[in-house]
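Residue-level structure breakdown
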Amino acid sequence: MTPPSARKPFDPAHPGPQRIVCLTEETTEWLYLLGQEARIVGISGYTVRPRRAREEKPKVSAFLSAKIDKILALEPDCVLGFSDLQADIASALVRHGVQVTVFNQRSVDEIFSVLYQVAAMVGQAEQGLARLAAMRARLDAIAAAATALPRRPRIYFEEWDEPHISAIRWVSELLTLAGGDDCFPELAVQPLGKDRIIADGQHIVDRAPDIIIGSWCGKKFRPEKVVARAGWAGVPAVRDGQLFEIKSADILQPGPAALTDGVEQLHQRVLNWAHRHG
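Attention here is on the structure that accompanies the text. (Residues numbered from 1 in each chain as written. Predicted model: local features only at pLDDT ≥ 70, side-chain atom pairs only at ≥ 80, totals over all residues. Heavy atoms only, no water.)

Turning our eyes to something else, we now look at the overall build of the protein chain. Summing up its helical and strand segments, the protein chain has 13 helices and 11 strands in all. Here the C-alpha radius of gyration of the protein chain, 20 Å, is about what a compact globule of 278 residues would show, namely 19 Å. The buried share of the protein chain, reckoned over its 278 residues, is 48%. Of the contacts made within the protein chain by residues no fewer than 6 positions apart, 60% connect residues no fewer than 24 positions apart. Of the accessible surface of the protein chain, which amounts to about 12,700 Å², a share of 55% is contributed by carbon and sulfur atoms. For the protein chain, the separation between the mean place of its 33 positive charges and that of its 34 negative charges on side chains is 3 Å. (Helix = DSSP H or I, 4+ residues; strand = E, 2+ residues; numbered from the N terminus. Rg over C-alpha atoms; globule rule 2.2 N^0.38 Å. Buried < 20%, exposed > 50% of the residue type's maximum accessible area, 1.4 Å probe, protein only. Contact = heavy atoms within 4.5 Å. Areas by Shrake-Rupley, 256 points an atom, 1.4 Å probe, with all protein chains shown as cover. Lys, Arg positive; Asp, Glu negative; His and termini not counted. Charge placed at Lys NZ, Arg CZ, Asp CG, Glu CD.)

The next thing to look at is the sheet that holds strand β3 (residues 59–61). An order of β3-β2-β1-β4-β5 is seen for the five strands of this open sheet, with the pairing classed as parallel. The outermost strands of the open sheet, each flanked by one partner alone, are β3 and β5 (100–103). Averaged over all neighbouring strand pairs, the angle between strand axes comes to 25°, with direction disregarded. For strand β2 (residues 40–44) and β3, the ladder comprises two bridges, and the chain directions are parallel. Across the sheet, I43 pairs through a bridge with K59, a residue of β3. (Pairing = 2+ DSSP bridges. Axes fitted to C-alpha atoms, helices over the stretch in contact; angles between N-to-C directions.)

Time to look at the pairing of β5. Sheet analysis places strand β4 (residues 78–82) next to β5, joined by four bridges and oriented parallel. In the sheet register, V79 faces β5, and the bridge partner there is V100. Following the chain from β4 across helix α4 (residues 87–95) to the adjacent parallel β5, one finds a crossover that is right-handed. (Right-handed = clockwise from strand over helix to strand, strands pointing away.)

Attention now goes to the packing of aromatic side chains. The tally for this structure, following the rule as stated, stands at three aromatic pairs. Here the aromatic rings of F82 and W170 are separated by 6.4 Å at their centres, their planes lie at 70°, and the arrangement is edge-to-face. One end of the pair, F82, is in strand β4; the other, W170, is in helix α7 (residues 169–177), with 88 residues separating them in the sequence. Of the two residues, F82 and W170, both sit in the buried class. For the pair Y156 and F184, a centre-to-centre distance of 5.9 Å together with 70° between the ring planes defines the contact as edge-to-face. Here F184 lies in the loop between β8 (181–182) and α8 (185–188) and Y156 lies in strand β6 (residues 154–160), a separation of 28 residues in the sequence. When its relative accessible area of 1% is taken as the criterion, Y156 is described as buried. The side chain of R136 reaches across the aromatic face of F112, ending 3.9 Å from its centre. (Phe/Tyr/Trp six-rings, centres within 6.5 Å; stacked < 30°, edge-to-face > 60°. Lys NZ or Arg CZ within 6 Å of the ring centre and 35° of its normal.)

This next bit is on the packing of helix α6 (residues 125–147) against helix α13 (residues 256–277). Two quantities define a packed helix pair, namely the angle between the axes and the distance from one axis to the other. At a minimum axis distance of 10 Å, the contact between α6 and α13 shows a crossing angle of 20°. The orientation of α6 with respect to α13, classified from their angle, is roughly parallel. In this structure, the crossing between α6 and α13 has a hand that is left-handed. Where α6 approaches α13, its residues M135, R138, L139, I142, A145 and A146 are matched on the opposing element by P256, L259, T260, V263, E264 and H267. Looking at the contact of α6 with α13, its residues break down into eight nonpolar, two polar and two charged. (Parallel < 35°, antiparallel > 145°, perpendicular 65-115°, else oblique. Left-handed = near helix turned anticlockwise from the far one by under 90°. Nonpolar A, V, L, I, M, F, W, Y, C, P; charged D, E, K, R; others polar.)

On inspection of all chains with the given rule, the structure shows 21 salt bridges. For R49, the salt bridge goes to E29, with nearest N and O atoms at 2.9 Å. Taken as a pair, R49 in the loop between β2 and α2 (51–56) and E29 in helix α1 (residues 25–33) lie far apart in primary sequence, 20 residues in all. Put simply, E56 and R52 hold a salt bridge, and the shortest N to O gap is 2.9 Å. Within this pair, E56 and its partner R52 are both found in helix α2, separated by four residues, close to a single helical turn. Accessibility expressed as a relative area gives 38% for R52, which makes it partly exposed. (Salt bridge = Lys/Arg side-chain N within 4 Å of Asp/Glu carboxyl O.)

Shown next as structure tokens:
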């Protein structure tokens, strides 16, 4: 690995890190949107946005594990990670002298903040602000449309099925903005998945969701399995066939996807329900 002192000097025409490894998808997608993909030298194996990244960049990590030797061989001057769950990866890289930045965004506002920080790191603060302003404007428009709905559906968002894990904070905020009411808002504030476990499925039944959205991180949502759960036949969402999937890449990545495609899908499901129940 090239020692820091032997690396290229600072270039004011191209500020910021030049060889970036992204351990999660959201920073990869954002750098591509900013036209800065040439800086990326390694990505997560779970990356699907943008699709071309899988063809262009070497895959060096999963989510909870990484190929440290492979990352070091890429001679990164910056590694971008997400959450306490990647602390062990970050620690191993730091011990090898690698600069690591681990973000821990959990809310919509925190996602906006992180995206701005990444844009500034690569000398694209102005472009980043413009893109973020456009995203914020669309969220405002969705929220305004939601206020005009005659009724708001109760939504149970299931992040995992066994055990049941409910929506993380940014998902809860986005589904609320989109016109629904999270069935478990008190759990959404918990940053860790283990603290959002609903051990007894009867608690979900009791809250009578009108819509169930599944985004089982890493596997396909199976609505027929939900319908078959004991005691769920009377749940309004089950009775009315209101069970849908939103791909985890579109909603469980705390970056551009959730603020665009993810919230749009949530909003469309709410609008369709409202049209049927208006």
